[in-house]
Amino acid sequence: MPEHHPPKNPPSTRTPDKVTANVGPIDGYPILGIPGATAVFQKHSGPLPPASELAAYGAVQADMPERILRMAEQNSEDERLRLQREQLQRFWLDMTGRILGFLFAIAALISGVSLCLSGHDWAGGSIGAAAVGGTVMALITGKYAQTIKKSG
């Protein structure tokens, strides 16, 4: 049975694009006559294949590298437009919430004042206090949520 030896060098936290590992002699299998083995792992990320693969595509069909480049550029442009639209929608949603909140607070304050002027002091005061308190509470919790979101 082959023995397991822990690696002499701890694994790196960075992941390289290509790893070549030389494995020493395989203990316990002298009959096979295999002195060792080499393992190659390759990783790629991004919209374009590595240059060597792009050249291989060009060998298959001459215009293929240009088509791949155009496809990557189009994908990048689509992603940029999607992010811009998302940002614009988030802005308008935020502004709509602020405007409607402001209008609600003003309407509640006007209702409270008109109730107080018509002789319903307790009801008017309660509505006015709820409007001011709710608005202040919304501002405080909104700022707190933004602070947590930025730090997290």
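Remember, it's a predicted structure, so these values are computed and weren't measured experimentally.

Peer 1: Which residues make up the overall build of the chain, and what values do they have?
Peer 2: In terms of regular secondary structure, the chain is built from 3 helices and 2 strands. Listed by position from the N terminus, the elements making up the chain come as β-β-α-α-α. Taken over 152 residues, the chain has a buried fraction of 9%. Entry remark: accessible area of the chain is about 13100 Å², with carbon and sulfur atoms responsible for 65%.

Peer 1: Got a sec to walk through the pattern of salt bridges? Specific residues and values, please.
Peer 2: Scanning all chains against the criterion turns up 7 salt bridges. Ionic pairing is found between D63 and R67, a salt bridge with its closest N-O pair at 3.9 Å. A salt bridge links E86 to R90; its shortest N-O distance comes to 2.7 Å. Residue E86 and its partner R90 are located together in helix α2 (residues 64-117), separated by 4 residues, close to a single helical turn. Because the salt bridges share partners, they merge into one network encompassing E79, R82, E86 and R90.

Conventions used here
Residues numbered from 1 in each chain as written. Predicted model: local features only at pLDDT ≥ 70, side-chain atom pairs only at ≥ 80, totals over all residues. Heavy atoms only, no water. Helix = DSSP H or I, 4+ residues; strand = E, 2+ residues; numbered from the N terminus. Buried < 20%, exposed > 50% of the residue type's maximum accessible area, 1.4 Å probe, protein only. Areas by Shrake-Rupley, 256 points an atom, 1.4 Å probe, with all protein chains shown as cover. Salt bridge = Lys/Arg side-chain N within 4 Å of Asp/Glu carboxyl O.

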